[in-house]
Amino acid sequence: MADQRNANGQPPNGTSTGAVNAYSINLEYFSKRLRALYTHWNHHKSDLWSSSDVLAIATPPASEDLRYLKSSALNIWLLGYEFPETIMVFTRKQIHFLCSQKKASLLEVVKKSAKEAVGVDVVMYVKAKNDDGTSQMDAIFRAIHSQSKGDGNDAPVVGYIAREEPEGKLLETWSGKLKSASIHLTDVSNGLSDLFAVKDQHELLNVKKAAYLAYSVMKNVVVPKLENVIDEEKKVTHAALMDETEKAILEPSKAKVKLKAENVDICYPPIFQSGGQFDLKPSAQSNDDFLYYDSASVIICAVGARYNSYCSNIARTLMIDANSLQTKAYEVLLKAHEAAIDALKPGNKVSAVYQAALSVVEKDAPELVPNLTKSAGTGMGLEFRESGLNLNAKNDRVVKAGMVFNVSLGFQNLKCETENPKNQNFSLLIADTVIIEEQNVDVVTGKSSKAVKDVAYSFNEDEEEVERPKVRAEANGTDPFMSKTTLRSDNHEVSKEELRRQHQAELARQKNEETARRLAGGGTGTGDNRAAAKASTDLIAYKNVNDLPPPKDLMIQIDQKNEAVILPIYGSMVPFHVATIRTVSSQQDTNRNCFIRIIFNVPGTPFNPHDANSLKNQGAIYLKEVSFRSKDPRHISEVVQLIKTLRRQVMARESERAERATLVTQEKLQLAGNRFKPIRLPELWIRPVFGGRGRKIPGALEAHVNGFRYSTTRADERVDIMYGNIKHAFFQPAEKEMITLLHFHLHNHIMVGNKKTKDVQFYIEVMDVVQTLGGGKRSAYDPDEIEEEQRERDRKNKINMDFQSFVNRVNDLWGQPQFNGLDLEFDQPLRELGFHGVPHKASAFIVPTSSCLVELIETPFLVVTLSEIEIVNLERVGLGQKNFDMTIVFKDFKRDVLRIDSIPSTSLDGIKEWLDTTDIKYYESRLNLNWRQILKTITDDPQSFIENGGWEFLNLEASDSDSENSEESDQGYEPSDVEPESESEDDASDSESLVESEDEGEEDSEEDSEEEKGKTWEELEREASNADREKGDESDSEEERKRRKMKAFGKSRAAPSSSIRKRAKLR
């Protein structure tokens, strides 16, 4: 049979019938597809099959070359695998096979099925080994002419594949016979292409498996390999990367894929390109140049995999320290690529796909239009490029459900202004495998992210944030302060510390505005009550009509700042708060008219969050839904996305108003039963542990329809965790710890045994925590010890892999449409950002994740949701201090602050950088503050808090600049036992400011408008020092003065010292 690389034709059922006949034909598929062939031939004889009366398909000999032939595709599609050196002739009443004896014996089984399916007889012509088959060919032509004369046609029309040149003695003889016979020849390639274009479910399953393999190779092999090469600055050639990737495709286990190696193959040799030499064609080659990954470099990698001969493709572009041109071009390309996929809907013309992509480029970056590829991809299946389904601007074919496309879009030969020849030219490419379904499209390689944040790598730490707004301080009308260490001498780039300071100034402004809005609305924070929402009467987008933004040609507008959607209704722009919207959707009809439908929350309807408040406005008239029509599908898609994003943000914020303190009735767990086999992870321990005196035993965790169930062999030891009650899910593999764990942080408390908890953890110990201390020191070369260490490593790796497999399968389950509203996915802690601290009573290693700050090893656990944080105050920060503290203030001011004590000062810069990149405003202070009193003052008089600058009383720099002029006391923050003293010019106190204020002039100029602003800690310190002098205590030590000052302020803690103090977590 054919070599796998040539056709990759695998037996459909893989059964072996003996040593002579190693394959068997799936007669069910044969009958179904033979019927489809004859039906298609009859219906489209004149337009696609060139009026042919006979189809003559000749398959060439097997080859080592990687090629795609329609004759081979027909063999595999109809019979399950390729028959090299075989001639098939289809007539209305007969099917003729000319082949060797071995192939003929295998084909004998189709005779009965062919007769039953379409009523034709199968005639076998066996060719001897050294025979050219002339006599058998003459017999076939006699049968063709005989049938033709019976139909009243002396010159039959014979269809063949014109582009396939004859190879081998048999096909050359056949080609000569065809041209010399008294028949008309015509090309039937279009008919075969259209026949193969729409796939059945079995074919689509093969495509999905091929796509999963391609995606897994990209995720588990290509990207980690490239990251390792770049991170360790290795020298690797493109060809070496190609070879390693090809091996991973041919051995799926290397990519962590459970597919049989004999069923898979490559579509083309994997492509790796960098260093200014790019070719976006699938025929491109990976050269022997080294991978180039210096700053502003681009790496293109493309992987094509086949499963049972069905193709898939994925291509990604990685950018290293991308410049502005590269970033913009990639963002435009990504948007165009998504527009092309959105246009692939049943009923649309193929040309509309490329036009959708072109429209995005023409609008967002018209200068890049000449560099856009002339096609957005091709149809794909048994052939990598199906003729007739090229996604270009001229193709008028109609997209149908069941088609498969390789949507490939790129920019070729873009120019950078640089002297480095390897960076002067660059190209970008994105490709995905897309299956057309009845209602939508399935991007089967879409799990491989192509977002800018996931493909843009930044290794130049000094420059990675230069693109941030450079002069954020100018928002207040002042020039940014630049110290002599802030500017570089060569190119005057702003330093990283200055950029962070400017970003924090902008965050302070935004945070004060947000806090002011929240306090003005009468609330002090948020909670976990996801069912709760603002009453409709409380949702005010604009206080008066003058606040409305100017209309734009009666188009739908989204006001992000005021959280409003402005709709044109009867010629007027009418605003609606986004929280009043229940759903928004769009669709497109056959006339290319797009419709957007917005449904509002209306009292009295099921599951309406505002129904309880409808009694307040019993006479009000509510708008239930509105629909708009547009000719611009891109605008409609953008509007829908903006509304959904804004609504999700608002609802997430509003759903967290009140923390649930009591148990909430949970839904009942629906067991998997016969629907699917539950995803299971055995031999797990649970924390908190079950009560009772019996010996603790491990249990198993199972994922069912709507939740998890953990159970042991004891009937009373069972815990159900509903998916809807999971707020955060974490997976932490064992690296430097002794356990691998899954952790669930819940919205509402549940009972584990007799314990009420919001945190449930399942774990396995990867090695023995207790080590036996033997008698004498063992040798480092002791074979028993080496073997034991190897066993421990193997056990840890196996446990981590088992957990990873469970997590991946659950993530796939959560990716189903019914769980979209839960926004669930396992998060993994980022160890490289971790730091040591004391969140409770013992020191622990605290690690950020993408959405939380967690400590999951020591109990009690620490899980802090970043979106619930108002500000962070770094306390006891100063020169000479070995440790500092972190205070987290939550948006809910009724909630106690969280204190993490005794963090090493070496972690300060890393924590600042992490807080800044996650857009969390932080402040620094030299003392620990009495947060209970501060929060009480804010909640008692929020108006004064807002008028006095909000959180800016914590700004160390601003307080330093104010300390020279401010004389008024702060009624909201002045401790009751401190008597105001006259201002003293104490220069020594000025030197205590660690950072000079860059807004000193501004603060002085605004002093008159801030008469009510309170005294800073530095001012109060000077007053205390002044009082000491009047009493003749100038000779007191600094430590004694600090002790008295702390006592005067009512603090319970002494001045900062280098020793670690263990204190209560919450204040």
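Above this text is the structure in question.
Keep in mind that this is a model prediction, so the values were computed, not measured. (Residues numbered from 1 in each chain as written. Predicted model: local features only at pLDDT ≥ 70, side-chain atom pairs only at ≥ 80, totals over all residues. Heavy atoms only, no water.)

(A) Structural detail: a negative patch on the surface. Where like charges cluster on the molecular surface, the negative patch consists of E227, D231, E233 and D294. Structurally, D294 can be placed in the loop between β8 (271–273) and β9 (297–307). Note on D294: relative accessible area 45%, which makes it partly exposed. (Patch = residues over 30% accessible without salt bridge, like charges linked within 9 Å, V, L, I, M, F, W, Y side chains within 5 Å. Areas by Shrake-Rupley, 256 points an atom, 1.4 Å probe, with all protein chains shown as cover. Salt bridge = Lys/Arg side-chain N within 4 Å of Asp/Glu carboxyl O. Lys, Arg positive; Asp, Glu negative; His and termini not counted. Charge placed at Lys NZ, Arg CZ, Asp CG, Glu CD. Helix = DSSP H or I, 4+ residues; strand = E, 2+ residues; numbered from the N terminus. Buried < 20%, exposed > 50% of the residue type's maximum accessible area, 1.4 Å probe, protein only.)

(B) Layout of the side chain of D194. Take D194: it is sitting in helix α8 (residues 189–197). Excluding residues that lie within four positions of it along the chain, D194 makes contacts with H40, L48 and R397. (Contact = heavy atoms within 4.5 Å.)

(C) Local environment of the packing of helix α6 (residues 134–150) against helix α7 (residues 168–180). Where α6 meets α7, the axes come as close as 11 Å, and the angle between the chain directions of the two elements is 35 degrees. Every pair of crossing elements has a handedness; the one defined by α6 and α7 is right-handed. For the pair α6 and α7, contact is made by T134, M137, D138, I140 and F141 and by L170, T173, W174, K177 and L178, respectively. A per-class count over the contact of α6 with α7 returns six nonpolar, two polar and two charged. (Axes fitted to C-alpha atoms, helices over the stretch in contact; angles between N-to-C directions. Left-handed = near helix turned anticlockwise from the far one by under 90°. Nonpolar A, V, L, I, M, F, W, Y, C, P; charged D, E, K, R; others polar.)

(D) Representation of the sheet that holds strand β34 (residues 869–875) in the model. Strand order across the open sheet formed by four strands is β36-β35-β34-β37, with mixed pairing between neighbours. The sheet terminates laterally at β36 (898–904) and β37 (922–924), the two strands that pair on one side only. In this sheet, neighbouring strand axes are inclined to one another by 20 degrees on average, regardless of whether the strands run parallel or antiparallel. The sheet contact formed by β34 and strand β35 (residues 883–890) spans six bridges and is antiparallel. Counted as the bridge partner of L874 is M886 from β35. (Pairing = 2+ DSSP bridges.)

(E) Looking closely at the nonpolar core. Residues F90 and F411 are the most contacted members of the largest nonpolar core, which totals 132 residues. A total of 13 residues in this core trace back to one element, the largest contributor, which is helix α9 (residues 201–231). Judged by nonpolar contacts, the second largest core, of 35 residues, contains I686, F690, A703 and V760. (Core = buried A, V, L, I, M, F, W, Y, C linked by side-chain atoms within 4.5 Å.)

(F) Region of the structure containing the pattern of salt bridges. In total, this model carries 43 salt bridges according to the counting rule given. One salt bridge connects K32 with D200, and the closest N-O pair in it is separated by 4.0 Å. Of this pair, K32 sits in helix α2 (residues 27–43) while D200 sits in the loop between α8 and α9, and the two are 168 residues apart along the sequence. Among the residues examined, K32 registers a relative accessible area of 44% and is labelled partly exposed. Between R509 and E506 there is a salt bridge, with the nearest N and O atoms lying 2.3 Å from each other. Pair noted here: R509 and E506 are both in helix α15 (residues 496–520), with a separation of three residues, about one helical turn. You can call R509 partly exposed: its relative accessible area is 34%. Take E506: its relative accessible area is 13%, and that puts it in the buried class.

(G) Spatial organisation of the packing of aromatic side chains. The full count for this structure, using the stated rule, is 24 aromatic pairs. Between F576 and F600 the ring centres are 4.8 Å apart and the planes differ by 40 degrees, which places this aromatic pair in the tilted class. In this pair, F576 sits in strand β18 (residues 572–577) while F600 sits in strand β20 (residues 594–600), placing the two residues 24 residues apart along the sequence. Like F576, the residue F600 is buried in the burial classification. With a centroid separation of 4.9 Å and 40 degrees between ring planes, the pair formed by F708 and F744 is classed as tilted. Of the two residues, F708 is situated in strand β24 (residues 707–711) and F744 in strand β27 (residues 739–752); the sequence distance between them amounts to 36 residues. The exposure classification of F708 matches that of F744, with both residues buried. A network of ring pairs unites the aromatic residues F690, F708, Y710, Y723, F744, F762, F806, W814, F819 and F826 as a single cluster. (Phe/Tyr/Trp six-rings, centres within 6.5 Å; stacked < 30°, edge-to-face > 60°.)

(H) How the structure looks around the sheet that holds strand β2 (residues 86–90). An order of β4-β3-β2-β1-β5-β6 is seen for the six strands of this open sheet, with the pairing classed as mixed. Either end of the sheet is taken by a strand with one partner, and the two such strands are β4 (121–126) and β6 (184–187). Sheet twist, expressed as the mean angle between neighbouring strand axes with direction ignored, is 20 degrees. In this sheet, strand β3 (residues 94–99) lies alongside β2 in antiparallel orientation, the contact comprising four bridges.

Everything listed here is a matter of geometry and, on its own, says nothing about what the molecule does.
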